[in-house]
Every structure is written in structure tokens, then in C-alpha cells.
Amino acid sequence: DAGVTQSPTHLIKTRGQQVTLRCSPISGHKSVSWYQQVLGQGPQFIFQYYEKEERGRGNFPDRFSARQFPNYSSELNVNALLLGDSALYLCASSSGAALDEQYFGPGTRLTVT
Amino acid sequence: GNSVTQMEGPVTLSEEAFLTINCTYTATGYPSLFWYVQYPGEGLQLLLKATKADDKGSNKGFEATYRKETTSFHLEKGSVQVSDSAVYFCALSPQTGTALIFGKGTTLSVSS
């Protein structure tokens, strides 16, 4: 079975632009979470979606938004990009609302110049 | 608040050496504890977990015991291999099923 997939792999944007990152969970998984991993740091929780509804939100500004589609795939949107948004964005899926067993994708590397 | 502190890296070992990566946590209540591993160019993989005090998680020769009295969850392996070279993250979930809080990660480099 395919694992969690994310696209694109790498992305370069300019300050002030907007970006959309995509994630497809493991087949049968209904929960998707997004994490930001800045170089040299551990991942930080951004959002969790379960059954197309937001279940949790980390300490990130309103420039960050996400949604989940009927097929359980998800998009993370970031508006008005800042240099500090440069990071690896990780998507994780789990089968239910609980986040005990999360399976991570390879991530999208975003560079803001 | 909730937080995880890991030992600073990098940790450099020879093959077959004993490994310990220290992890301590701060949390209210009874968190679940995890170790994740990140190989170069890959996403995070769950290595092991423990959900209550005195539980021992184990996988692929790695072990960690949930010590509530010392608020620790140290990762150990008796004999490391070159293939164990990766970044190791300690994490907690403050309540069952809630989002993970990660430490900064510890880079392990094993040479033959």
C-alpha cells in the first residue's frame, strides 16, 4: 500500500506570495495533520483535520489555513509568505480522530526568498 | 506548558557501540511518549511508544522506558549499526490522541 504522499517535493516562492501544499493520506485513513519543521528543530503542529472538519490548531497565524476534501486528501495554504516560513512541511495521516499512530509523508521543502 | 528536551547532538559512535539518547519531558497529567526516526530525505517514522508509566516501548533493538518519577524516556540500543544513522526525535502527546510535541532532535552518526 502507498504511504502518505505529498506534493510538490520542493518549492521556491518570493516574500508576499501564496503557496498551496498537498497531501494524500494512506488509504482508509480519515485524519490528516500538518506540521512545520524548521531546519534544526523538531516539527511543530499546525492543523489536524478529521472527516473534513478542523479538530485542532497550533499556534500559527491566520495566514495559515487548510482544508480536507471528501477523499480525505488535504491542502495547506499559506498567504503573504515571510522568510521565516521557509521550512519542511510534513503531513501525517492516522486512521481515526486520535493521533496516537501517525504516519508521516516525506514532506515539502518550501524556500521563501 | 508541555515540552520535550533532548540531548544535544551530534552523537558519533562506532558500529556495535551502545547508544543512549536522553529525553526528558514536562507535561501535566499522563502523556503518551514516542520516539520517531528521520532518515535522510525521508519523513518521520514511529520507532516506539509508551502510553503509561513504567511501560517499555521496543522496536528494531531500540528500547525506551516511561519513567514518571524522573519524567524521562531515554532511548537505548545495545549495538548500533551504520544503518541506524539518522535524526531521532522524542515526542509527547499531552492527552491520548492529541497533537504531538517534539523535541529538537538528535543526530546519530555511526561509522564502521
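Just above sits the structure.
The structure presented is a predicted model; accordingly, all values stated were derived computationally and were not measured.

A.B. asks: What's the story with the layout of surface pockets in this structure? I'm lost.
C.D. replies: Space left empty within the atom packing is revealed by a probe, the size of a water molecule, rolled over the atoms. The computed volume of the largest pocket comes to approximately 870 Å³. Along the walls of the largest pocket sit 44 residues, with A:Gln37, A:Val38, A:Gln41, A:Gly42 and A:Pro43 positioned nearest its centre. Those elements that place two or more of their residues in the lining of the largest pocket are strand S4 (31–37), strand S5 (44–50) and strand S11 (108–112) of chain A together with strand S1 (3–6), strand S10 (86–93), strand S11 (101–102) and strand S12 (106–111) of chain B. No other element matches S1(B), which puts four residues into the lining of the largest pocket. Tallied by class, the residues present in the lining of the largest pocket amount to 17 nonpolar, 23 polar and four charged.

A.B. asks: Any chance you could explain the interface of chain A and chain B here in plain terms?
C.D. replies: With 18 residues of chain A at the interface, the matching set in chain B holds 17 residues. For the pairing of chain A and chain B, the buried interface totals around 1,400 Å² over both sides, and the portion due to carbon and sulfur atoms is 54%. Where chain A touches chain B, the interface holds zero salt bridges. In this structure, the connection of chain A to chain B is made through two residue pairs in polar contact (both at pLDDT 80 or more). Classifying every residue of the side of chain A that touches chain B gives 10 nonpolar, six polar and two charged.

A.B. asks: I tried to follow unusual backbone geometry on my own but got confused; where do I start?
C.D. replies: It is generally the case that most residues other than glycine have a negative phi and that most peptide bonds are trans. Along the chain, A:Ser7 connects to A:Pro8 via a cis peptide bond; the corresponding omega equals -10°. With respect to the secondary-structure elements, A:Pro8 resides in the loop between strand S1 (5–7) and strand S2 (10–13). The peptide bond linking B:Gly9 to B:Pro10 adopts the cis configuration, its omega dihedral lying at -5°. As for its position among the elements, B:Pro10 is in the loop between S1 and strand S2 (11–14). Despite not being glycine, A:Tyr72 has its phi angle at roughly 75°, a positive value. The topology assignment puts A:Tyr72 in the loop between strand S7 (64–68) and strand S8 (74–78). Backbone geometry places A:Ala80, a non-glycine residue, at a positive phi of 45°.

A.B. asks: Looking at this structure, I do not really get the packing of aromatic side chains. What am I missing?
C.D. replies: For any pair of aromatic rings, geometry is given as the distance between the ring centres together with the angle between the planes. Under the criterion given, the structure shown has 12 aromatic pairs over all chains. Linked through ring pairs, A:Tyr35, A:Phe45, A:Phe104, B:Phe34, B:Tyr36, B:Phe89 and B:Phe102 together constitute an aromatic cluster.

A.B. asks: I'm lost on the sheet that holds strand S8 (residues 62–65) of chain B in this one. Help?
C.D. replies: By definition, the strands of a sheet pair up through backbone hydrogen bonds, in either a parallel or an antiparallel sense. Residue and element names in this part refer to chain B. Read from one edge of the open sheet, four strands run S3-S9-S8-S7, paired in antiparallel fashion. Because the sheet does not close on itself, it has two edges, and the strands there are strand S3 (19–21) and strand S7 (56–59). Strand-to-strand twist across the sheet, computed as the mean angle between neighbouring axes with direction ignored, equals 15°. As paired elements, S7 and S8 share four bridges and run antiparallel to each other. If you follow Lys 56 over to S8, its bridge partner there is Thr 65.

A.B. asks: Whenever I open this one, the side chain of A:Gln68 confuses me. Can you help?
C.D. replies: All names here are of chain A. As for its position among the elements, Gln 68 is in strand S7. Look at Gln 68 and you get buried, because its relative accessible area is 7%. At a separation of 3.1 Å, a polar atom in the side chain of Gln 68 contacts the main-chain carbonyl oxygen of Lys 30. Side-chain polar atoms of Gln 68 contact the backbone nitrogen of Glu 51, separated by 3.4 Å. Beyond its immediate sequence surroundings of up to four residues, Gln 68 is in contact with Lys 30, Ser 31, Val 32, Tyr 49, Tyr 50, Glu 51, Lys 52, Glu 53, Ser 73 and Ser 74.

A.B. asks: Which parts of the structure should I look at to understand the sheet that holds strand S3 (residues 19–24) of chain A?
C.D. replies: Residues and elements named next belong to chain A. With antiparallel pairing, four strands are arranged side by side in an open sheet as S1-S3-S8-S7. Unpaired on one side and paired on the other, S1 and S7 mark the two borders of the sheet. For this sheet the average axis-to-axis angle between neighbouring strands, irrespective of direction, equals 15°. Sheet topology places S7 next to S8; five bridges connect them, and they run antiparallel. Each bridged residue has a counterpart across the sheet, and for Phe 64 the counterpart in S8 is Val 78.

A.B. asks: Honestly, the state of the cysteines in this entry has me stumped. Any pointers?
C.D. replies: Should the sulfur atoms of two cysteines be covalently bonded, the bond is a disulfide. If you walk through the whole model with that rule in mind, you get two disulfides over all chains. Shown here is the disulfide that connects A:Cys23 with A:Cys91, its sulfur atoms set 1.8 Å apart. The chirality of the disulfide connecting A:Cys23 with A:Cys91 is left-handed, given an S-S dihedral of about -65°. Taken together, the positions of A:Cys23 in strand S3 and A:Cys91 in strand S9 (residues 87–94) put the pair 68 residues apart, joining distant regions of the chain. Each member of the pair, A:Cys23 as well as A:Cys91, is classed as buried. Residue B:Cys23 pairs covalently with B:Cys90 via a disulfide, S to S 2.0 Å. Across the S-S bond of B:Cys23 and B:Cys90 the torsion is about -70°, and the bridge reads as left-handed. Here the residue B:Cys23 occupies a position in strand S4 (residues 23–26), and B:Cys90 occupies one in strand S10, the gap between them amounting to 67 residues. As far as burial versus exposure is concerned, B:Cys23 and B:Cys90 are alike and both buried.

The rules behind the values
- Residues numbered from 1 in each chain as written.
- Chains lettered and ligands numbered in written order.
- Predicted model: local features only at pLDDT ≥ 70, side-chain atom pairs only at ≥ 80, totals over all residues.
- Heavy atoms only, no water.
- 1 Å grid on protein atoms, 1.4 Å probe; cavity = no way out; pocket = protein on both sides within 12 Å on 5 of 7 lines; lining within 4 Å.
- Points joined across faces, edges and corners; volume = space filled by probe spheres on them.
- Helix = DSSP H or I, 4+ residues; strand = E, 2+ residues; numbered from the N terminus.
- Nonpolar A, V, L, I, M, F, W, Y, C, P; charged D, E, K, R; others polar.
- Contact = heavy atoms within 4.5 Å.
- Buried area = accessible area lost by both parts, 1.4 Å probe.
- Salt bridge = Lys/Arg side-chain N within 4 Å of Asp/Glu carboxyl O.
- Polar contact = N/O pair within 3.5 Å; in protein donor to acceptor, adjacent residues only side chain to side chain.
- Phe/Tyr/Trp six-rings, centres within 6.5 Å; stacked < 30°, edge-to-face > 60°.
- Pairing = 2+ DSSP bridges.
- Axes fitted to C-alpha atoms, helices over the stretch in contact; angles between N-to-C directions.
- Buried < 20%, exposed > 50% of the residue type's maximum accessible area, 1.4 Å probe, protein only.
- Disulfide = S-S within 2.5 Å.

Geometric descriptors of this kind do not, in isolation, establish any biological role.
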